[in-house]
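Per-entry structural report
The primary structure of each chain is shown beneath.
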Amino acid sequence: QVQLVESGGGLVQAGGSLRLSCAASGRTFSTYDMGWFRQAPGKEREFVAVVRWSGGNTYYADSVKGRFTISRDNAKNTVYLQMNSLKPEDTAVYYCASAEASSPWGITLKARYTYWGQGTQVTVSS
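What counts, and at which threshold
- Each chain has its residues counted from 1, following the order in which its sequence is written.
- Only residues with pLDDT of at least 70 get local features here, since the model is predicted, and only at 80 or more are side-chain atom pairs given and counted; chain-wide, interface and lining totals rely on the full set of residues.
- Calculation of side-chain values draws on the structure's entire complement of heavy atoms; hydrogens and water are dropped beforehand.
- Under the DSSP-based scheme used, a helix requires at least four consecutive residues in state H or I and a strand at least two consecutive residues in state E, with every element numbered from the N terminus.
- Only C-alpha atoms enter the radius of gyration, while the globule expectation follows 2.2 Å times N to the 0.38, with N the number of residues.
- Remark: exposure states derive from per-residue accessible area (1.4 Å probe, protein chains only) relative to the maximum for the residue type, with buried under 20%, exposed over 50%, and partly exposed in between.

Each helix and strand in the protein chain was counted, giving 0 helices and 11 strands. Ordered by position in the sequence, the α and β elements of the protein chain form the string β-β-β-β-β-β-β-β-β-β-β. For 126 residues, the compact-globule formula gives about 14 Å, and the C-alpha radius of gyration of the protein chain, at 13 Å, lands near that figure. Expressed as lengths along the three principal axes of its C-alpha atoms, the size of the protein chain is roughly 40 × 25 × 25 Å. Sorting the 126 residues of the protein chain into buried and exposed places 43% on the buried side.

This paragraph deals with unusual backbone geometry. For Asn77, which is not glycine, the phi dihedral falls at a positive 50°. Locating Asn77 in the fold gives a position in the loop between strand E7 (68–73) and strand E8 (78–83).

If you want it as structure tokens, here you go:
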């Protein structure tokens, strides 16, 4: 199985940037799709971005497209989320998650993802 630990969250002013990291351990990290979700207080956890196991395809929620970039470094067993032009509405706990590439669930669905990190808080002040 895969264990995931997020880091890099913090407090930033609107318009600023943060880079989140997700350190993964476990068998066959490179065969998993790696995604980021976020959850604001009182709201459902929502899809943010995913990078496929090959690293050649990415997908973003409309709310972050053009501002966030997901990437992975399989040699370091690490997934990143570069967040630019941050907005107060980006404030949430951000979770790293992994999914088997062969999962029948859609890439934006929580049910697809088998393993989850503990989350890292991102707070964007106005």
